[in-house]
Amino acid sequence: MEQKKSIITPINIIILLIVLLVLSAGSGFYFYSKATGDPNKIAQKELASTIAVIGRLMVLPTNETPTMAIVSDPEKLKDQPFFVNAKKGDRVLIYTESRKAILYSPSQHRIVEVAPINTSGVK
């Protein structure tokens, strides 16, 4: 009688484990890079989204792209009148050419404050 060779050998198991490891690592890297993304692209999307939302609430300057900041610690800003009603997570759009600052609250979906900015002393 002839004996059949077993397909399951230690070498086949090792090769299968290596293939599974490579596939797992590759898919993990793919989904991690998709989730984190490029920080600059994420910031640009967030800026564009904020401009679009605020643009529905008020007329914005169209001749420039603003700089955006996010309020992280409103307690440090309470002594500045512009930030008296600011909360963590609020957005500030700064239009330097138009000399305008806008404080927007995404949680309340409202503009909290608008103020002129003085850039004469800034170089």
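Note that the structure is a prediction, hence the values are computed from the model and not measured.

(A) Representation of the packing of aromatic side chains within the structure. Under the definition given, this model contains two aromatic pairs. Centroid distance Tyr30 to Phe31: 5.1 Å. Interplanar angle 75°. Geometry classified as edge-to-face. Here Tyr30 falls in the partly exposed class, since its relative accessible area comes to 44%. With a relative accessible area of 56%, Phe31 lands in the exposed category. With a centroid separation of 4.9 Å and an interplanar angle of 90°, the aromatic rings of Phe82 and Phe83 are classed as edge-to-face.

(B) Geometry of the pairing of strand 2 (residues 91-95). Judged by how many residues are buried, strand 2 sits mostly within the fold: four of five residues are covered. Across four bridges, strand 1 (residues 67-70) lies against strand 2 in antiparallel orientation. Within the sheet, the bridge partner assigned to Ile70 lies in strand 2 and is Arg91. One ladder, built from five bridges, connects strand 2 with strand 3 (residues 100-105); its direction is antiparallel. By the bridge assignment, Arg91 is partnered in strand 3 with Tyr104. With antiparallel pairing between neighbouring strands as the criterion, strand 2 and strand 3 make up a hairpin whose turn holds four residues, including Arg99 at a positive phi of roughly 55°.

(C) View of the sheet that holds strand 3. Strand order in the open sheet made by the four strands is 1-2-3-4, with antiparallel pairing throughout. Two strands lie at the open edges of the sheet, namely strand 1 and strand 4 (110-116), each paired on one side alone. Between one strand axis and the next, the sheet turns through 20° on average, direction left out of account. Sheet strands in contact with helix 2 (residues 39-57) are strand 1, strand 2, strand 3 and strand 4, and its direction is about 85° off that of strand 2.

(D) Looking closely at the nonpolar core. Leu47, Val53, Ile54, Met58, Leu60, Leu93, Tyr95, Ile102 and Tyr104 together form the largest nonpolar core, which totals nine residues. At the level of elements, helix 2, strand 2 and strand 3 are the ones that each hand at least two residues to this core. Broken down by element, this core gets its largest block of residues, three residues, from helix 2. Every residue in contact with Leu47, bar those within four places of it in the chain, is listed here: Thr65, Pro66, Met68 and Leu93.

(E) Structural context of unusual backbone geometry. Unusually for a residue other than glycine, Arg99 sits at a positive phi of about 55°. Within the element layout of this structure, Arg99 appears in the loop between strand 2 and strand 3. With a phi angle near 50°, His109 is a residue other than glycine that sits in the positive phi range. In this fold, His109 is placed in the loop between strand 3 and strand 4. With a relative accessible area of 43%, His109 lands in the partly exposed category.

About the cut-offs
Residues numbered from 1 in each chain as written. Predicted model: local features only at pLDDT ≥ 70, side-chain atom pairs only at ≥ 80, totals over all residues. Heavy atoms only, no water. Phe/Tyr/Trp six-rings, centres within 6.5 Å; stacked < 30°, edge-to-face > 60°. Buried < 20%, exposed > 50% of the residue type's maximum accessible area, 1.4 Å probe, protein only. Helix = DSSP H or I, 4+ residues; strand = E, 2+ residues; numbered from the N terminus. Pairing = 2+ DSSP bridges. Axes fitted to C-alpha atoms, helices over the stretch in contact; angles between N-to-C directions. Contact = heavy atoms within 4.5 Å. Core = buried A, V, L, I, M, F, W, Y, C linked by side-chain atoms within 4.5 Å.

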